[in-house]
Amino acid sequence: MNPKVSIIVPVFRAKEYLPNFIKILKRQTLQSWECIFVDDCGNDGSYEFLLQEAAMDSRIKCLQNETNLGPGATRNKGLSAAQGEYVTFADSDDSITDNFYELLYSKAKEGDYLVVKGVRALLYPNGKKEPSLLNQKIKNGLKTYKTLLPTFVHEHTTAIYQRAFVESVGARNAEDTRQGEDVCFLAMLLSKLPVERFAFEERVVYYYHQHENSLSHKKRDVNFLLDLERCYAFIVDYLLQLPGSVDISTYISFLTELRLGYRIDEAENASFEEICEYLDKIASRINRWKASDSPFRPGVYCSIFDELKYRSGEFYLLRNTIKDLRIQKNHVLKLQKFQNYALVMPEVKRKLTVLTIKKWLSTGKRRKNYSESINKLRSIVKEYDLLATQARNTIFK
């Protein structure tokens, strides 16, 4: 008899977390499960440990990639091997309540639901728990959009999905990116999911452990941005192929929710030039989408990245001005944020921008060319609207 739930767990140098995760699995009140661990060539003994556990419990399955493939392809390998009525994903360094899968599965069967979602909470090393607000956001979004797509953009580990539905849709995690691969899975699935076949089960919690070793907490470079660009390109290309009867505004809302432009701040180790090159790729991609033969044809795809119109203008201007002023690197992001305010706020905000930048510079190491720098900054802010418009017209023509 096939298990009720298949749990797919990618493994990469996770040996220290596996014993506790397996204990959590064995405490589950739902006994009919299989857990498919897929080792992504971490070479830390994880696979050997899992083989020992699998020999003692037939519900534990072990697979191993021949080469390191990343989280998307690793999850997909587990998904292809799954035999459960429902499938779900988990990470080995996280934890769940003991009745997690039982209550999700019971809810799914009672209402014939295709997808049932629980609650996620951040769990910090000091024991502090911080519940996610996403479920409420999804509920509010349903009132506006009548679909899950604009708001259910992450937390895919908190839900179970009917395997037959996943296979019929062909939903998969993106394989050419190490960031956002789960968002691609959700986009494919939710674009075909009838709202009435979705439900919440909020008596169960998935604890997302916060620690320095996880991939999502490491300092990011430009590869993080390039991964996101590939992820969002995958999503848009997929959505462009959907029937023309689908409301395009829904997908615009979905992609805007991902806040592509504002993820730039998270790439702490990316250089200025690398960020500008990244924006070039985005601009090129948007122009291609605008010219596509999609049934959605309107040039609204540019509005998907509305914030990027501003952000690209900022970065192109800053590339030419910050170098001249030789402002310290740790001021760049702060200055960039206030330059955005200078673009969208009234004149009083522009003046505040200059005063704020002046304060930052004066509290740091005093510069010989301080007065000259401030005068240049005043000039930049004064002419910013015109320059930004020219920059945006050049990029998004």
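Coordinates for the structure precede this section.
Computed from a prediction, not measured in an experiment: that's the story for all the values here.

Conventions and cut-offs
- Numbering of residues starts from 1 in every chain and runs along the sequence as written.
- For this predicted model, a pLDDT threshold of at least 70 governs which residues receive local features, and a threshold of 80 or more governs which side-chain atom pairs are given and counted, while totals over whole chains, interfaces and linings are taken from all residues.
- Derived side-chain values reflect all non-hydrogen atoms in the structure, with water molecules and hydrogen atoms excluded from consideration.
- Each helix is a run of DSSP H or I of at least 4 residues and each strand a run of E of at least 2, with the numbering of both proceeding from the N terminus.
- Exposure is judged per residue with a 1.4 Å probe applied to protein chains only, and the accessible area is read against the type maximum: over 50% gives exposed, under 20% gives buried, and values in between give partly exposed.
- Should any heavy atoms of two residues lie within 4.5 Å, those residues are considered in contact.
- We get accessible surface area from the Shrake-Rupley algorithm with a probe of 1.4 Å; when it comes to residues, only the shown protein chains can shield them.
- Strands qualify as paired when DSSP identifies two bridges or more between them.
- For the purposes of this section, nonpolar cores are sets of buried Ala, Val, Leu, Ile, Met, Phe, Trp, Tyr and Cys residues that join through side-chain atoms within 4.5 Å.
- Between the first and last residue of a helix there are one fewer steps than residues, each counted as 1.5 Å, and that sum is the expected span.
- It is the directions from the helix axis to the C-beta atoms whose arc is reported.
- Salt bridges are defined by distance alone: a side-chain nitrogen of Lys or Arg within 4 Å of a carboxyl oxygen of Asp or Glu.

## Some points on the overall build of the protein chain
Line of reasoning, step 1. Helices and strands together make up the secondary structure of the protein chain, namely 16 helices and nine strands.
Line of reasoning, step 2. Within the protein chain, buried positions represent 56% of all 397 residues.
Line of reasoning, step 3. A separation of at least 24 residues holds for 79% of the contacts in the protein chain among residues at least 6 apart in sequence.
Line of reasoning, step 4. Carbon and sulfur atoms form 50% of the exposed surface of the protein chain, whose accessible area is close to 18,700 Å².

## As for the pairing of strand E6 (residues 115–123)
Line of reasoning, step 1. Of all the nine residues making up E6, nine are buried; the element is thus mostly covered by neighbouring parts of the structure.
Line of reasoning, step 2. In this sheet, strand E8 (residues 159–162) lies alongside E6 in antiparallel orientation, the contact comprising three bridges. Each bridged residue has a counterpart across the sheet, and for Val115 the counterpart in E8 is Tyr161.
Line of reasoning, step 3. Here E6 runs beside strand E9 (residues 198–209); their pairing, made up of eight bridges, is parallel. Counterpart to Val116 in the pairing with E9 is Ala199.
Line of reasoning, step 4. Here E6 pairs with strand E7 (residues 129–131) via three bridges, running antiparallel. In the sheet register, Leu123 faces E7, and the bridge partner there is Lys129.
Line of reasoning, step 5. Hairpin connection from E6 to E7: five residues lie between these consecutive antiparallel strands, with Gly127 at a positive phi of about 95°.

## Observations concerning the environment of Ala159
Line of reasoning, step 1. Counting through the fold element by element, Ala159 comes out in strand E8.
Line of reasoning, step 2. With a relative accessible area of 0%, Ala159 lands in the buried category.
Line of reasoning, step 3. Along the chain, Ala159 and Phe100 lie 59 residues apart, while their C-alpha atoms are 9.7 Å from each other.
Line of reasoning, step 4. When neighbours within four sequence positions are excluded, Ala159 is seen to be in contact with Val87, Thr88, Val115, Val116, Lys117 and Phe152.

## Remarks on the nonpolar core
Line of reasoning, step 1. One finds Phe152, Tyr161, Phe185 and Leu189 to be the most contacted residues of the largest nonpolar core, which totals 41 residues.
Line of reasoning, step 2. Listing elements by their share of this core, those giving two or more residues are strand E2 (33–39), strand E4 (86–89), helix H5 (134–145), E8, helix H6 (163–169), helix H7 (181–190), E9 and helix H8 (222–240).
Line of reasoning, step 3. The contact partners of Leu189, leaving out residues within four places of it in the chain, are Val115, Tyr161, Phe165, Val166, Val169 and Ala171.
Line of reasoning, step 4. Counting residues in each nonpolar core, the second largest holds 35 residues, with Leu25, Ala90, Tyr101 and Ala108 among its members.

## Description of the pairing of strand E3 (residues 60–64)
Line of reasoning, step 1. When E2 meets E3, the two strands line up parallel, connected through five bridges. Bridge pairing links Val38 to Leu63 in E3.

## So, the side chain of Arg75
Line of reasoning, step 1. Within the secondary structure layout, Arg75 lies in helix H3 (residues 71–81).
Line of reasoning, step 2. On the basis of relative accessibility, which here comes to 5%, the residue Arg75 falls in the buried class.
Line of reasoning, step 3. The contact partners of Arg75, leaving out residues within four places of it in the chain, are Ile8, Pro10, Phe89, Asp91, His156, Asn173 and Glu181.

## With respect to H5
Line of reasoning, step 1. Compared with the 16 Å implied by 1.5 Å per residue over twelve residues, the 15 Å span of H5 between its first and last C-alpha is a close match.
Line of reasoning, step 2. Along H5, the positions that sit buried rather than exposed are Leu134, Asn135, Ile138, Gly141 and Leu142. In a view along the axis of H5, the buried residues occupy a sector of 115°, so they form one face of it. Counted as exposed and oriented over 90 degrees from the buried face of H5: Lys143 and Thr144.
Line of reasoning, step 3. Of the surrounding secondary structure, the elements contacted by the buried residues of H5 are E6 and E9.
Line of reasoning, step 4. Residue Lys146 follows H5 closely and has a positive phi angle near 60°.

## What to know about the pattern of salt bridges
Line of reasoning, step 1. According to the stated counting rule, one finds 13 salt bridges in the structure shown.
Line of reasoning, step 2. Ionic pairing is found between Lys61 and Glu34, a salt bridge with its closest N-O pair at 3.0 Å. Here Lys61, found in strand E3, pairs with Glu34, found in strand E2; they are 27 residues apart in sequence, far enough to count as distant.
Line of reasoning, step 3. A relative accessible area of 34% places Lys61 in the partly exposed class.
Line of reasoning, step 4. A salt bridge links Asp112 to Arg197, with the nearest nitrogen and oxygen atoms 3.4 Å apart. Of this pair, Asp112 sits in the loop between helix H4 (100–111) and E6 while Arg197 sits in the loop between H7 and E9, placing them 85 residues apart in sequence.

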